[in-house]
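# Fold and contact review
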Amino acid sequence: DAGVTQSPTHLIKTRGQQVTLRCSPISGHKSVSWYQQVLGQGPQFIFQYYEKEERGRGNFPDRFSARQFPNYSSELNVNALLLGDSALYLCASSLERGEQFFGPGTRLTVL
Amino acid sequence: GIQVEQSPPDLILQEGANSTLRCNFSDSVNNLQWFHQNPWGQLINLFYIPSGTKQNGRLSATTVATERYSLLYISSSQTTDSGVYFCAVEHGSYIPTFGRGTSLIVHP
């Protein structure tokens, strides 16, 4: 069975631009979470969606938004990119709560 | 929010050695997972262990929820065990919290 998939794998943007990252969960999983991981730190929680509804939000500015589609895939949008947004963005899926499974991540570089 | 502390922050071993990684958390948890992050950034599930003890080959984990800690044991370490080990907990709300990780290097 396919695991969690994310696209693109790498992305380079300039300050002020907008970016959309995509995630497809494991088949049968209805919950998707997004994390940001900067070098040397653990992943920081951004959002969690379940059945297309936002169920949790971390301490990130309103420039970050997300949505979940009827097929349970998800997009993370970041507007007005800053240099500090450069990071590995991770997506995880789970059945509802409980054990999470992570995708390979999207490495975003903001110049 | 809940605090998660992992120790040690760095660990260097010779191949074949055993090690214990610790995760302390500041409040009760309903979920706890251990992950291994490989050099390419992929987080690999090791254990889902909100309480009790589990074993998988050379790795085992124990969570003592009442005392707010979890331990990950690695026996007969191999060079492929190198990487960063993370503990992640969930307390009440749907906001998982990761520790800062333990960076492990295993020399041949």
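Residues numbered from 1 in each chain as written. Chains lettered and ligands numbered in written order. Predicted model: local features only at pLDDT ≥ 70, side-chain atom pairs only at ≥ 80, totals over all residues. Heavy atoms only, no water.

Outside of glycine, negative phi angles account for most residues, and trans bonds account for most peptide bonds. The linkage connecting A:Ser7 with the following residue, A:Pro8, adopts the cis geometry, with an omega of -10°. Of the consecutive residues B:Ser7 and B:Pro8, the connecting peptide bond is found in the cis state with omega at -10°. Examined against the element boundaries, B:Pro8 turns out to sit in the loop between strand 1 (4-7) and strand 2 (10-14). Backbone geometry at A:Tyr72 places phi at a positive 75°, although glycine is not the residue there. Checked against the element boundaries, A:Tyr72 lands in the loop between strand 7 (64-68) and strand 8 (74-78). Although it is not a glycine, B:Arg68 sits at a positive phi angle of roughly 60°. When you line up the elements, B:Arg68 lands in the loop between strand 7 (59-64) and strand 8 (69-74). (Helix = DSSP H or I, 4+ residues; strand = E, 2+ residues; numbered from the N terminus.)

As a further point, take the sheet that holds strand 1 of chain B. All names here are of chain B. Pairing within the open sheet is antiparallel, and its five strands lie in the order 1-3-8-7-6. Bordering the open sheet on either side are strand 1 and strand 6 (52-56), each of which pairs with just one other strand. Averaged over all neighbouring strand pairs, the angle between strand axes comes to 15°, with direction disregarded. Bridge count for strand 3 (residues 19-25) against strand 8 is six bridges, and the pairing is antiparallel. If you follow Leu21 over to strand 8, its bridge partner there is Leu72. (Pairing = 2+ DSSP bridges. Axes fitted to C-alpha atoms, helices over the stretch in contact; angles between N-to-C directions.)

Time to look at the interface of chain B and chain A. The partner chain A presents 23 residues to the 21 residues of chain B that form the contact. Note on chain B versus chain A: buried area summed over both sides is about 1,700 Å², and carbon and sulfur give 50% of it. Of all residues in chain B, the largest losses of buried area upon contact with chain A belong to B:Tyr94, B:Pro96 and B:Phe98, amounting jointly to 32% of the total for that side. The interface formed by chain B and chain A holds zero salt bridges in total. Where chain B meets chain A, there are six residue pairs in polar contact (both at pLDDT 80 or more). Of all elements in the fold, only strand 4 (31-37), strand 5 (43-48) and strand 9 (83-90) of chain B reach the threshold of two or more residues within the side of chain B that touches chain A. Take the side of chain B that touches chain A: its biggest share by element is four residues, from strand 4 of chain B. (Contact = heavy atoms within 4.5 Å. Buried area = accessible area lost by both parts, 1.4 Å probe. Salt bridge = Lys/Arg side-chain N within 4 Å of Asp/Glu carboxyl O. Polar contact = N/O pair within 3.5 Å; in protein donor to acceptor, adjacent residues only side chain to side chain.)

In short, geometric facts, not functional conclusions.
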